[in-house]
Amino acid sequence: MKTRAKSAEATATAMKPKVAPTKKKSRKKPSASSSAKDDHRDKPKKPPTAFFYYLEDFRKTYQQENPNVKSMRDIGKACGEKWKTMSFEEKVAYYDIATEKRAEFEKAMAAYIKRKEGGEISEESDDYE
């Protein structure tokens, strides 16, 4: 004969959610051959966007006005809020800078691809050791 206490325990254990055992994630190092083929040390880096050029200017002025704020998180939040409220006319200067840098990047990338196709850059010499 079952008692109420025993039946309550049985339903309580049956209602508990089952938790799957967690596995430890192992960090695999990327192999030198696969990453070296994709990223060469002579490959040009992509330029920052207009927002990041604005962030450079904003950071300087914000830190002068608020010397006690050291957190990049707070500076970034303030910068993002200001960027959202800016008009397009105010942003044009930063878009122009970003466009110039993007054009320079595209020229450098075209030259890099040309050198790579011409055989000046060999994939075998990409060892970073």
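What counts and what doesn't
- Residues numbered from 1 in each chain as written.
- Predicted model: local features only at pLDDT ≥ 70, side-chain atom pairs only at ≥ 80, totals over all residues.
- Heavy atoms only, no water.
- Core = buried A, V, L, I, M, F, W, Y, C linked by side-chain atoms within 4.5 Å.
- Buried < 20%, exposed > 50% of the residue type's maximum accessible area, 1.4 Å probe, protein only.
- Contact = heavy atoms within 4.5 Å.
- Axes fitted to C-alpha atoms, helices over the stretch in contact; angles between N-to-C directions.
- Helix = DSSP H or I, 4+ residues; strand = E, 2+ residues; numbered from the N terminus.
- Parallel < 35°, antiparallel > 145°, perpendicular 65-115°, else oblique.
- Left-handed = near helix turned anticlockwise from the far one by under 90°.
- Nonpolar A, V, L, I, M, F, W, Y, C, P; charged D, E, K, R; others polar.

Participant: Teacher, can you tell me more about the nonpolar core here?
Facilitator: Side chains of a nonpolar character, in soluble globular proteins, are inclined to be buried together. Counting 13 residues, the largest nonpolar core has Y54, F58, W83 and Y94 as its most contacted members. Y54 has contacts with C79, K82, W83, M86 and Y94, leaving out every residue within four places of it along the chain.

Participant: Where do I start with the packing of helix α3 (residues 50-65) against helix α5 (residues 88-118) in this structure?
Facilitator: When two helices pack together, their arrangement is captured by the angle between the axes and the distance separating the axes. The interhelical angle for the contact between α3 and α5, taken along N-to-C directions, is 120°, at an axis separation of 8 Å. By the angle between their directions, the pair α3 and α5 is classed as oblique. Every pair of crossing elements has a handedness; the one defined by α3 and α5 is right-handed. Each of A50, Y53, Y54 and D57 in α3 lies in contact with α5, whose residues at this interface are Y94, Y95, I97, A98 and K101. Along the lines of polarity and charge, the residues of the contact of α3 with α5 split into seven nonpolar, no polar and two charged.

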